[in-house]
Every structure is written in structure tokens, then in C-alpha cells.
Amino acid sequence: MPSTPGDDSDLTNHQRAAAASEHGAAYRLDYIAASKLPTPWAVFDIHVFVDPATAKEHLLLTLGNVGDGLPVLARVHSECLTGDALFSQRCDCGAQLEAALQAIAKQGRGALLYLRQEGRGIGLVNKIRAYQLQDQGADTVEANERLGFPADMRRYDLCRPMLDHAGIRSLRLMTNNPRKVAAMEKLGIQVVERLPLQVNRNPYNENYLTTKASKLGHWLKDRS
Ligand SMILES: Nc1nc2c(ncn2[C@@H]2O[C@H](COP(=O)(O)OP(=O)(O)OP(=O)(O)O)[C@@H](O)[C@H]2O)c(=O)[nH]1
Ligand SMILES: [Zn+2]
């Protein structure tokens, strides 16, 4: 298992988080603070939480009254520094983030959970290592496996304290990932509707998206 200083991923975080929620106990996140987050599309409320098991910060953006018991238009988004902040076209993350915030703004009500689970949980350093293997011909799943990681190491039980904090019990979830829908339902969060979020298919992410559909089970149509 590769491990370097600054490698924030990985089995260590995963094991710490798993230990923290052992025996079916509710996952614990500490709520720290909230403020306003003006974006080009709406002024969101931003809430920051810290995971005491991993010291990772996780964010919840809300818009409007989401604690009224009605289903909430929502996106559960895993961190992708390259896509979300650096405009990478290797994946669809940045475009999905923007589209989700725009959809919530249009609705005037909704929530976005920004989970610091970079690289499907393997961390930034290992994601770039995985990209290097992909440059040599591996697909996104094979690259993870060659590095000694499972295809997807993310966990979603940390969503529950964030949703509880906002009083959210049911979702209209924007995702193409069946694991996210199943994970929410396992947490006791009802998914009343699953909304596809297919944006920015391009020559650089064509293979990545095809592999997501064939190996990770994503609901993706050929064209977006
Ligand atoms: N290990 C690895 N992670 C990647 C790669 N490309 C993108 N990622 C990560 O994959 C994750 C994508 O997360 P989400 O945007 O929540 O997407 P998803 O779970 O595929 O499902 P959707 O809800 O349909 O978007 C992020 O953590 C990215 O950093 C890759 O090639 N290898
Ligand atoms: Zn990405």
C-alpha cells in the first residue's frame, strides 16, 4: 500500500472512520459554525462540520427552509480538487457541482453536502498516481486496484449528522450513482426521487464515464 507524507487518504482515515461508527452507533461529526456563501446563482448558507475521527472538514450548503419536512432537492458531492477547483475535464465533477448548485438556486430551496472524500476516498496524492496509471492505459477502477485500493472507498454515514443538523429527512437526490441512493436509504433518509445529473461528457472523460457505467453501475446514458 503506497503511503507518503501528506497522503491524507486512505486506509488510515477509512479505518478511523469505521472504528468511530462501529457497532451501529450513529456517526459523529462536530458542528462548528455557519455563515452566508454568496455564489453566482444564490446566497447559500454554509455550515462546517469536523469529523473528530479523521480531522476532515465537511460542508453543508443549504438554501431556503429545508427543515420543513418536505423532500429536499439535494446533491451529495465528493471532493474532487482537480475537477471542482481546477476545471479538469478528466471527470464530470466540476460541471456536476455547478449544475447542482444552479438547480438548487433555481428551485430556491435545497442542500449540497460537500464530502471531503477526495478520489473516491483514496486521497489526492493517490488520485494523481491513479491518473498516471490511467495515462498508461488502465481504467479508473484498474488504476485504484493496481495501487492496492478498492474501486470506491467512500462512506456515506457521515451524511446523517449533517442532514439531522438541517432537519432533512427525505431527498430528491441528484446523482447517477446507485450506491448513493442505497446508502441514503440505509441511513434512514428517504430518496423520494432520483434525478440524473449528466453534464459535460467530453473526449477527455469519455472512457472514465463509460467505466463508471460498466464497472461501478452508474446510470448513464451514452450522450449528455
Ligand atoms: N480514484 C479516483 N477517483 C476519481 C477519479 N476521477 C474522479 N474521482 C473522484 O470520484 C469522486 C466523484 O464523486 P461524485 O461527484 O460524488 O460522483 P459519483 O459518486 O461518481 O456519482 P454521481 O453522484 O453520479 O456524480 C470524487 O471524489 C473524485 O475525486 C479517478 O479516476 N480515480
Ligand atoms: Zn472529478
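What you are looking at is a predicted structure, and each value in this text was computed from that prediction instead of being measured. (Residues numbered from 1 in each chain as written. Chains lettered and ligands numbered in written order. Predicted model: local features only at pLDDT ≥ 70, side-chain atom pairs only at ≥ 80, totals over all residues. Heavy atoms only, no water.)

## A short note on the UniProt feature "binding site: GTP" (unreviewed entry) in the chain
UniProt's entry tags Arg75, Val76, His77, Ser78, Glu79, Gln96, Glu118, Gly119, Arg120, Thr140, Thr175 and Lys180 with the feature "binding site: GTP" (unreviewed entry), counted in the numbering of this structure. With the annotated positions falling across 106 residues, the maximum pairwise C-alpha distance of 22.5 Å shows that they are not confined to a single cluster. Structurally, the position occupied by Ser78 is in strand 4 (residues 72–78). By relative accessible area, Ser78 is classed as buried at 10%. In this structure Ser78 touches Asp84, Leu115, Gln117 and Arg154, once residues within four positions along its chain are discounted. (UniProt positions renumbered as here; feature names shortened; annotations may be inferred. Helix = DSSP H or I, 4+ residues; strand = E, 2+ residues; numbered from the N terminus. Buried < 20%, exposed > 50% of the residue type's maximum accessible area, 1.4 Å probe, protein only. Contact = heavy atoms within 4.5 Å.)

## A look at the coordination of the zinc ion (ligand 2)
In the first shell of the zinc ion (ligand 2), the protein supplies Cys80 (SG), Cys91 (SG) and Cys93 (SG), at 2.1 to 2.2 Å from the metal. All donors of the zinc ion (ligand 2) belong to a single chain; written as a sequence motif, their spacing is C-x10-C-x1-C. Like Cys93, Cys91 is buried. (Donors = N, O, S within 2.8 Å, 3.2 Å for Na, K, Ca; no water.)

## A short note on the pattern of salt bridges
Enumeration over the complete set of coordinates arrives at 16 salt bridges. The residue Asp152 makes a salt bridge to Arg154 at a minimum N-O spacing of 2.8 Å. Considered together, Asp152 and Arg154 belong to a single accessibility category, that of buried residues. Where salt bridges share partners, they join Glu57, Glu79 and Arg116 into one cluster. (Salt bridge = Lys/Arg side-chain N within 4 Å of Asp/Glu carboxyl O.)

## A few points about helix 8 (residues 206–215)
Three or more residues of helix 8 are buried, namely Tyr208, Leu209, Thr211 and Lys212. For helix 8, the buried positions fall inside an angular range of 160° around the axis, keeping them on one side. Exposed residues pointing more than 90 degrees away from the buried face of helix 8 are listed as Asn207 and Ser214. In the core, the buried residues of helix 8 are packed alongside helix 5 (140–146). (Arc of directions from axis to C-beta.)

## Describing the confidence of the model for the chain
Within the chain, residue pLDDT values average 91, and 88% of them lie at 70 or more. Ignoring residues within four places in sequence, the model shows residues 1–6, a span with pLDDT below 50, making eleven contacts including any to other chains. Here the prediction assigns the complex a pTM of 0.91, and the interface score ipTM is 0.96. (pLDDT = per-residue confidence, 0-100.)

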